[in-house]
Structure formats: C-alpha cells, structure tokens
Amino acid sequence: NARYLAGIALDRDIMELSSIIRGDVRFFGMVIDEESEGDVSVLNLPKQSRAIFMYRDNIFEFVDADTQLKKGDELVVIAHGDDYEKLVKQWPGAMK
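A.B. asks: Outline the overall build of the protein, listing residues and values.
C.D. replies: For the protein, the helix and strand inventory stands at 3 helices and 6 strands. A total of 96 residues make up the protein; the buried ones form 38% of that total. Partitioning the intrachain contacts of the protein with sequence separation of at least 6 by distance along the chain shows that 70% fall at a separation of at least 24. Taken as a whole, the protein presents about 6200 Å² of accessible surface, with 52% of it coming from carbon and sulfur.

A.B. asks: Give a description of the packing of aromatic side chains that names residues and reports values.
C.D. replies: Within the structure shown, the criterion is met by 6 aromatic pairs. Residues Phe53 and Tyr55 carry aromatic rings whose centres are separated by 6.2 Å and whose planes lie at 85° to one another, so their mutual orientation is edge-to-face. Accessibility classification places Phe53 together with Tyr55 in one group, the buried group. Look at Phe53 and Phe60: their rings are 5.2 Å apart centre to centre, the planes differ by 40°, and that puts the pair in the tilted class. Positioned over the ring face of Tyr84 is Arg26, at 3.8 Å from the centre of the ring.

A.B. asks: So, the pattern of salt bridges: which residues are in play, and what are the values?
C.D. replies: Scanning all chains against the criterion turns up 3 salt bridges. Between Asp83 and Lys86 there is a salt bridge, and its shortest N-O distance comes to 3.3 Å. Pair noted here: Asp83 and Lys86 are both in helix α3 (residues 81-90), with a separation of 3 residues, about one helical turn. The exposure class assigned to Lys86 is partly exposed, which follows from its relative accessible area of 47%.

About the criteria used
Residues numbered from 1 in each chain as written. Predicted model: local features only at pLDDT ≥ 70, side-chain atom pairs only at ≥ 80, totals over all residues. Heavy atoms only, no water. Helix = DSSP H or I, 4+ residues; strand = E, 2+ residues; numbered from the N terminus. Buried < 20%, exposed > 50% of the residue type's maximum accessible area, 1.4 Å probe, protein only. Contact = heavy atoms within 4.5 Å. Areas by Shrake-Rupley, 256 points an atom, 1.4 Å probe, with all protein chains shown as cover. Phe/Tyr/Trp six-rings, centres within 6.5 Å; stacked < 30°, edge-to-face > 60°. Lys NZ or Arg CZ within 6 Å of the ring centre and 35° of its normal. Salt bridge = Lys/Arg side-chain N within 4 Å of Asp/Glu carboxyl O.

Shown next, in the form of structure tokens:
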C-alpha cells in the first residue's frame, strides 16, 4: 500500500530507499479483523515474514512480541517473496 511506503520513505530519496530494500523483499498490509485480534503470534505468519509496524487510530506504532492486535489495526508485514505469496493466500482480502 502506497500510504505505508510513503510513511517509511518520509525524508528519504526513493533511490536511497531502494538501496535499503533489495532482493525479494515485499511489504504486505492487512486490517486486523475479529479472528486476528490478540497476540501477534495468533496470526501464524510464515517463517520468513515479520510484523513490523501498525497504525492504530492513525497513530504509528512498532510491533513486537507483546503487541496486542485489535480489530481495525492496520498491520504491515515484511516478507521474503515466497512468504509474500503465502500471505496473499492466507489473507486474500488484505491491502497488499
């Protein structure tokens, strides 16, 4: 989602950002629903992917192992390309 990448790229030249994010790395965005509420581990993310940050009520927050997800949170996951495809299959209606 362009909004997330824009937030990451704030104050950075896009070319500089492309030197940081290389290879088969992808971002995946999703809105947490009732089934996904709770500890981040409830998501059962693929091995080569990590929840890195979210927006709750339009406020940026980093995600860690203790983060409790709530319905409506906008979660951003970074993933290896193969795991990105698994995320798309697991959450077909996500924001990608």
